[in-house]
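Single-letter residue listing:
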Amino acid sequence: MANTVEQARTIKISKETLPSLKELYDLTGKVALITGGAGQLGKQFAEGLAEAGAEIILTDIREPELVERQNELKDMKYKVSCYRSELTDAESVYWMFDAIRKKYSRLDILINNGGMTYFMPLEEMKPEEFEKVLDVHLKGSFMLVQQVLPFMKRNGGGSIINIGSIYGMVGADQSIYGDSGLNSSAAYAAAKGGMINFTRYLASYLGEYNIRANCISPGGFYAGQAPEFIERYCAKTPLGRMGDSYDLKGVGVFLASDASKYITGVNLPVDGGWTAR
Ligand SMILES: NC(=O)c1ccc[n+]([C@@H]2O[C@H](COP(=O)([O-])OP(=O)(O)OC[C@H]3O[C@@H](n4cnc5c(N)ncnc54)[C@H](O)[C@@H]3O)[C@@H](O)[C@H]2O)c1
């Protein structure tokens, strides 16, 4: 019965009321909070969402870089503010939200993008280091979700985008690191695997409030890594290259906007095909 009623409702939508493609991607009037806003991928998300019309709030622990990023966006005539916060520290997160509540009446988009890792072998990692990686990604994202929910519920919906990794989907290929000084830690695998299933939990729990939750799992992005590493990495990737400075820009807008309004609970690899092999 519910299906029939819903179908009837859908059929009633006339051609004239259907939004254009441009309207579906439009984020005008929306407010987006991006963690890890001073970092490499945070820049892509912020620029994409701002260009689509959203007002941006950036947060990060690195204050000078955060302010610099804010100023870059202001120079591009985008509406942006920033708050320093430490994602592992509840007091710091709550302080930030006290400030956000004073300035903003809405918050429509959250990108849980802040992250870190330690480059060290399994045998050498200390329990505190393992815990820190889990805390930044999982506890941090959990606290932010709790804080944005009242805004999103009040406004009738929202989009939460968690940032996972290909290494939350498959085991790290240790053979590509050689003596580059890089590797991918067990803690990172646990944290990123957690981000992906945390996303599914949120999608099923929050659907009734029209709050969507999706995960983006990037592959390796170019950041001046050692040439031997880059060569091995690219050889393993179907598209034959690392991620570039705008591979995520449009993906963030897609998941934040009505262009994806019937998508929730997915993990979208943006990895040049790495996890397809
Ligand atoms: N760059 C890649 O190749 C890649 C690949 C897969 C996944 N990712 C994920 O994408 C996200 C962004 O990565 P990135 O490459 O931009 O890294 P980045 O280091 O450039 O940015 C991450 C940001 O998070 C901030 N941060 C770290 N710990 C924090 C804490 N405790 N409190 C507040 N802020 C903190 C850092 O200061 C930094 O600015 C991360 O979650 C990362 O794991 C990156």
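Up top you'll find the structure we're talking about.
Please read these numbers as outputs of a predicted model, since none were measured by experiment. (Residues numbered from 1 in each chain as written. Predicted model: local features only at pLDDT ≥ 70, side-chain atom pairs only at ≥ 80, totals over all residues. Heavy atoms only, no water.)

Attention now moves to the nonpolar core. Most often, soluble globular proteins have nonpolar side chains that are buried together. Core analysis: the biggest nonpolar cluster contains 29 residues, and Leu49, Ile56, Leu58 and Ile216 have the highest contact counts within it. For this core, the secondary structure elements donating two or more residues are strand 1 (31-35), helix 3 (40-51), strand 2 (55-60), helix 4 (63-75), strand 3 (80-84), strand 4 (109-112), strand 5 (158-163) and helix 9 (249-256). It is helix 3 that provides the largest number of residues to this core, a total of 5 residues. In terms of nonpolar packing, the next biggest core, distinct from the first, is built from 28 residues, Met96, Ala99, Leu144 and Leu149 among them. (Core = buried A, V, L, I, M, F, W, Y, C linked by side-chain atoms within 4.5 Å. Buried < 20%, exposed > 50% of the residue type's maximum accessible area, 1.4 Å probe, protein only. Helix = DSSP H or I, 4+ residues; strand = E, 2+ residues; numbered from the N terminus.)

Bringing the site of the ligand into the picture now. Taken together, 26 residues lie near the ligand, and Leu41, Asp60, Glu86, Tyr188 and Phe221 sit nearest. Between the ligand and the protein, one listed contact pairs a nitrogen atom with a backbone N or O atom of Ile61 at 3.4 Å. Protein chains bury 84% of the 810 Å² of accessible surface belonging to the ligand in isolation. Residue assignment for the shell around the ligand shows that the elements contributing at least two residues are helix 3, helix 6 (127-154) and helix 7 (186-206). Taken together, the residues that form the shell around the ligand break down as 10 nonpolar, 12 polar and 4 charged. (Near = heavy atom within 4 Å. Polar contact = N/O pair within 3.5 Å; in protein donor to acceptor, adjacent residues only side chain to side chain. Areas by Shrake-Rupley, 256 points an atom, 1.4 Å probe, with all protein chains shown as cover. Nonpolar A, V, L, I, M, F, W, Y, C, P; charged D, E, K, R; others polar.)

The next thing to look at is the pairing of strand 6 (residues 211-218). Counting buried residues in strand 6 gives 8 out of 8 residues, a clear majority hidden from the surface. Side-chain alternation along strand 6 places Ile211, Ala213, Cys215 and Ser217 on one buried face and Arg212, Asn214, Ile216 and Pro218 on a second face that is also buried. With 6 bridges joining them, strand 5 and strand 6 adopt parallel strand pairing. By the bridge assignment for strand 6, Ile163 is matched with Ile216. In this fold, strand 5 hands off to helix 7, which returns the chain to strand 6; that crossover is right-handed. (Pairing = 2+ DSSP bridges. Right-handed = clockwise from strand over helix to strand, strands pointing away.)

On strand 4, burial covers both faces: Ile109 and Ile111 on one face and Leu110 and Asn112 on the other are all buried. Across 3 bridges, strand 1 lies against strand 4 in parallel orientation. What sits directly across from Ile34, in strand 4, is Ile111. Of the pairings in the sheet, the one linking strand 4 to strand 5 comprises 4 bridges and is parallel in character. Bridging across to strand 5, Asn112 finds its partner in Asn162. You can see the chain leave strand 4, run along helix 6 and come back into strand 5, and the turn it takes is right-handed.

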